[in-house]
Amino acid sequence: MSAPRLPAYPRLADGRGERVLHAHTIPARPGEHSPWPTWADPVVVQAFGRCGVDRPWRHQTLAAEAAWRGHHVALATGTASGKSLVYQLAALSAARGSTSGYVGGSGPRRPDGGSGRATGWGSGRAAGTLYLAPTKALAADQLASLEALGVPGVRAATYDGDTPLDQRRWIRDHVEIVLTNPDLLHHGLLPSHPRWASFLRSLQFVVVDEAHHYRGVFGAHVAATLRRLRRVARHYGADPVFLTTSATAADPERTAADLTGLDAGQFEVVTRDHSPRGATTFLLWEPPLLPGGGEHGAPTRRSAILETAELVTDLVAAGVATLAFIPSRRGVETVAATSRRLLAEVDPELPSRVAAYRGGYLPEERRALEADLRAGRLVALAATNALELGIDISGLDAVVICGWPGRRASLWQQAGRAGRDGGEALAVLVARDDPLDTYLVHHPEAIFGRSVEATVLDPSNPYVLAPHLCAAAAELPLREVDVDLFGEHTASVLDALTARGALRRRPTGWFWTRSEPASRLADLRGTGGDPIRIVQPSTGRMLGSVDAGAAHHTVHPGAVYVHQGESWVVNDLDLDDGLALVEPTGDDLFTQAREITDVRLLDERRSRRWGRVQLATGTVEVTSQVVSYLRRTVVDGRVIAEQPLDLPPRTLRTTAVWWTVPAELLAEHGVGATRVPGAAHAAEHAAIGMLPLVATCDRWDIGGVSTALHADTGEPTIVVYDGHPGGAGFSERGFSAAATWLTATVTVIRDCECESGCPSCVQSPKCGNGNEPLDKDGAVRLLNAVLAEAEPDA
């Protein structure tokens, strides 16, 4: 890519130079090849050659060699480093060379000289590979890659919810490489494992792609599902090699072990990236502070959405292939629509070169957009993190990231989508009006001076474990030997399930007692049930879908839903039938739901005293109810009306971190009784915004409540909780790193340029109380009081 095509600082000549707070250069890196392994099938090697791969990179050979020798592999190298070749080389070679079994063959071997499975290799079916991706789109992308190789004698197919029924039996009986997702494994393959017996007997490799994506509660569900897979595979005599891949993982060995239930020492770890990489310029960009005009007259920063739209416009006008990551579906639609409008002023042909891409679109819409971007018919996409994963979209020059994506791992994953053809790249992080974004763009060492975060998941979470133990018992009776496989809480959870009558214990194990499928008990992604379909009743057109758990906030009656630049208003939400009925609207508005929340502190698992301050973590019960929604203008976010709603309350049992501060201590620091509500509320908002600094989450994964007198503590209390049943480990991380967390929180409030509070410090975009009351100075005093009593983190 030539320098003129990629201006390092877009349109700085027009007076925007002061918005770049920091520029970081990542130098180019040369590549290092290695020869093809001696065991690689010549036909497979020739297929790679036809696709332009003459020799593998060294890390590809190292990982493939380890898998072929029968070692489990944890591969963590950069975006676009060719991780797919590792499993493709091993899987394709094994499938072509193993139709007669291991006897006298040249297939992969265990380190002890045994075969890759215990028994069953004489069945005549070729070696099988199960590939798991977090999304159907990524599995489909991998299938396209395998089809491009065109290796004769090896069949590959995606098997997911979109697979026609008449193709499923053929896939089960004949395909060597099955590409799917954890949801289908959980709901489809494992419950009907007898139908998959032939494939499971032949199972040689299990690929867990984008392993860092499996974190929190979702990661715990996937971990339990993989343990069930190991158990069922063992039933058919298979002992597959696991190969986990990730572009960004702080401890890939530990992540692989937590996901699979295997010992960390069983994994061979490959982390050094030997692929070439062009230089990347990384800009930290802060929109300007606007005087007044915000909530309650507070100053506010120019919208990061509008800044991103302008940057995308500039880059497209310069012919720079660009991908913009936006945190919300509504934001994606706004960026695409705004950029198209601005481009129309430059050239009437340019607006068609920009599109939106997000979840909720129909599969055929997403595939068409991906194809258009690859073919160059589109120059830019505004997308949610659905395109953060390893879908092969090459030739991108620039990435614009609208708002901190929650983790350094995600930041580098998104930035890595630019420069995928080996050329120079530009990445821009545009700060939102948010405490963490503000802190990070002013403290670049917190981004560029640290490694990525460890993936946090808790495979022993009893809320996750219980439904999976039921599903496992329905698949095959659970035995004593399975207790160790599922972790430390298994025995107590089995006792509870037996007492409730869900399981029945017999001398041969635990049995599922009910007629309905046990797999329906677990909601892997925590979406709250089946998706809500969005339909225009007058035409029958289905626009898309939203997760059931988000329905109260996004498709309540009166909500504005945006799809490919068109605005629709929700006339009715039928939760029983899973339908949101919409009609087009010409209003240039968006809606924001407001809710009230109450938290009961049920169980204190860990606690410590910081002088007169009590810090604790444990189980809480959160009751929330969406009670109204705001109608806001798209241009400036101004509230023009508030409408009441009549929706049922929801209850969530989860984990939280909380701290109590005696009133007398607050008074000593200048926070009298009348100031406590506003000070605690402001400190709660800022603490929620800053928790992602120490935990692998973003602010939408967590919630909080503050009160001047909590019923369960009798003192001023601030609670921050995980927004997932049973917890996701985020609040517990806040407890462990409390001094670091709260120090950064008070820093971002104190250093903010505003006078009395703004979204960059203490205002929250999801506050159910309309950001009232808030006391910025009181929050600084409250947090200073807490930290004055604190001991350093261990």
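Shown above is the structure to which this text applies.
Structural notes, computed from the coordinates. (Residues numbered from 1 in each chain as written. Predicted model: local features only at pLDDT ≥ 70, side-chain atom pairs only at ≥ 80, totals over all residues. Heavy atoms only, no water.)

**Some thoughts on the side chain of E684**
Part 1: Mapped onto the secondary structure, E684 falls in helix 21 (residues 676-690).
Part 2: Classification of E684 by relative accessible area gives buried; the value is 6%.
Part 3: Those residues in contact with E684 that lie beyond four places of it in its chain are G704, V705, S706, I718 and V719. (Helix = DSSP H or I, 4+ residues; strand = E, 2+ residues; numbered from the N terminus. Buried < 20%, exposed > 50% of the residue type's maximum accessible area, 1.4 Å probe, protein only. Contact = heavy atoms within 4.5 Å.)

**Some remarks on the sheet that holds strand 14 (residues 380-383)**
Part 1: Ordered by their spatial adjacency, seven strands build an open sheet running 1-9-16-15-12-14-13, and the pairing between neighbours is mixed. Each edge of the open sheet is held by one strand with a lone partner, namely strand 1 (20-26) and strand 13 (354-357). The mean angle between the axes of side-by-side strands here comes to 15°, regardless of whether they run parallel or antiparallel.
Part 2: Bridge count for strand 15 (residues 398-402) against strand 16 (residues 425-430) is five bridges, and the pairing is parallel. The partner of A398 across the bridge, within strand 16, is L426.
Part 3: Across the face of the sheet, helix 12 (residues 363-375) comes into contact with strand 13 and strand 14 while running at roughly 140° to strand 13.
Part 4: Strand contacts of helix 14 (residues 435-442): strand 1, strand 9 (280-285) and strand 16, with the helix running at about 125° to strand 9, the strand carrying the most contacts. (Pairing = 2+ DSSP bridges. Axes fitted to C-alpha atoms, helices over the stretch in contact; angles between N-to-C directions.)

**Looking at helix 13 (residues 408-415)**
Part 1: Across the eight residues of helix 13, seven count as buried, placing the element largely inside the fold.
Part 2: Among the residues of helix 13, R408, A409, S410, L411, Q413, Q414 and A415 are the ones counted as buried.
Part 3: Among the structural elements, strand 9, strand 12 (322-325), strand 15, strand 16 and helix 15 (445-448) are those in contact with the buried residues of helix 13.

**With respect to the nonpolar core**
Part 1: With 113 residues, the main nonpolar core has F282, W659, W741 and L782 as its most contacted residues.
Part 2: In terms of residue count, the dominant contributor to this core is helix 21 (nine residues).
Part 3: The contacts of L782, once residues within four sequence positions are left out, are W659, L666, V671, A679, A680, A683 and I718.
Part 4: V44, F48, L89 and F205 belong to the second-largest nonpolar core, a separate cluster that totals 41 residues. (Core = buried A, V, L, I, M, F, W, Y, C linked by side-chain atoms within 4.5 Å.)

**Thoughts on helix 1 (residues 42-50)**
Each α-helix turn comprises 3.6 residues. Residues three or four places apart therefore point the same way.
Part 1: Within helix 1 the residues assigned to the buried category are V44, V45, A47 and F48. Down the axis of helix 1, the buried set is contained in an arc of 155°. They therefore lie on one face. Exposed residues pointing more than 90 degrees away from the buried face of helix 1 are listed as P42, Q46 and R50.
Part 2: Residues of helix 1 that are buried make contact with helix 3 (83-97) and helix 4 (136-149).
Part 3: The distance from a side-chain oxygen at the start of helix 1 to the backbone nitrogen of V43 is 2.8 Å, and the residue carrying that oxygen is D41.
Part 4: Within two residues after helix 1, G52 carries a phi angle of roughly 95°, on the positive side. (Arc of directions from axis to C-beta. Polar contact = N/O pair within 3.5 Å; in protein donor to acceptor, adjacent residues only side chain to side chain.)

**A look at the pattern of salt bridges**
Part 1: According to the stated counting rule, one finds 27 salt bridges in the structure shown.
Part 2: Across the salt bridge formed by D775 and R675, the nearest N and O atoms sit 2.8 Å from each other. One end of the pair, D775, is in the loop between helix 23 (738-751) and helix 24 (776-789); the other, R675, is in the loop between helix 20 (663-668) and helix 21, and 100 residues separate them in sequence.
Part 3: Its relative accessible area of 16% is what places D775 among the buried residues.
Part 4: When the shortest N-O distance is used, the salt bridge between D777 and R675 registers 2.9 Å. Within this pair, whereas D777 is found in helix 24, its partner R675 is found in the loop between helix 20 and helix 21, the two being separated by 102 residues in sequence.
Part 5: Overall, the relative accessible area of 38% leaves D777 in the partly exposed class.
Part 6: Judged by relative accessible area, which is 25%, R675 ranks as partly exposed. (Salt bridge = Lys/Arg side-chain N within 4 Å of Asp/Glu carboxyl O.)

**Observations concerning the sheet that holds strand 3 (residues 128-132)**
Part 1: Reading across the sheet, the seven strands line up as 4-5-3-6-7-2-8 and stay open at both edges, with parallel pairing between neighbours. The open sheet terminates on both sides in strands that have one partner only, identified here as strand 4 (156-158) and strand 8 (267-270). Here the average twist between neighbouring strands, direction ignored, is 15°.

**Section: unusual backbone geometry**
Glycine aside, negative phi is the norm for most residues, and most peptide bonds take the trans geometry.
Part 1: The residue after E772, namely P773, is reached through a cis peptide bond having omega -10°.
Part 2: Checked against the element boundaries, P773 lands in the loop between helix 23 and helix 24.
Part 3: Despite not being glycine, A80 has its phi angle at roughly 65°, a positive value.
Part 4: Along the chain, A80 turns up in the loop between strand 2 (72-76) and helix 3.

**As for the environment of E32**
Part 1: With respect to the element layout, E32 can be found in the loop between strand 1 and helix 1.
Part 2: The spacing of E32 and R55 is 23 residues in sequence and 9.8 Å in space, taken between C-alpha atoms.
Part 3: Setting aside its immediate chain neighbours within four residues, E32 contacts W57, R58 and H274.

**Some thoughts on the packing of aromatic side chains**
Part 1: Applying the stated rule across the entire model yields 10 aromatic pairs.
Part 2: Aromatic pair W196 and F199: ring centres 5.8 Å apart, planes at 70°, arrangement edge-to-face.
Part 3: Given the relative accessible area of 0%, F199 is considered buried.
Part 4: An aromatic cluster of three or more residues is present, and its members are Y159, W196 and F199. (Phe/Tyr/Trp six-rings, centres within 6.5 Å; stacked < 30°, edge-to-face > 60°.)

Nothing here speaks to function; it is all geometry.
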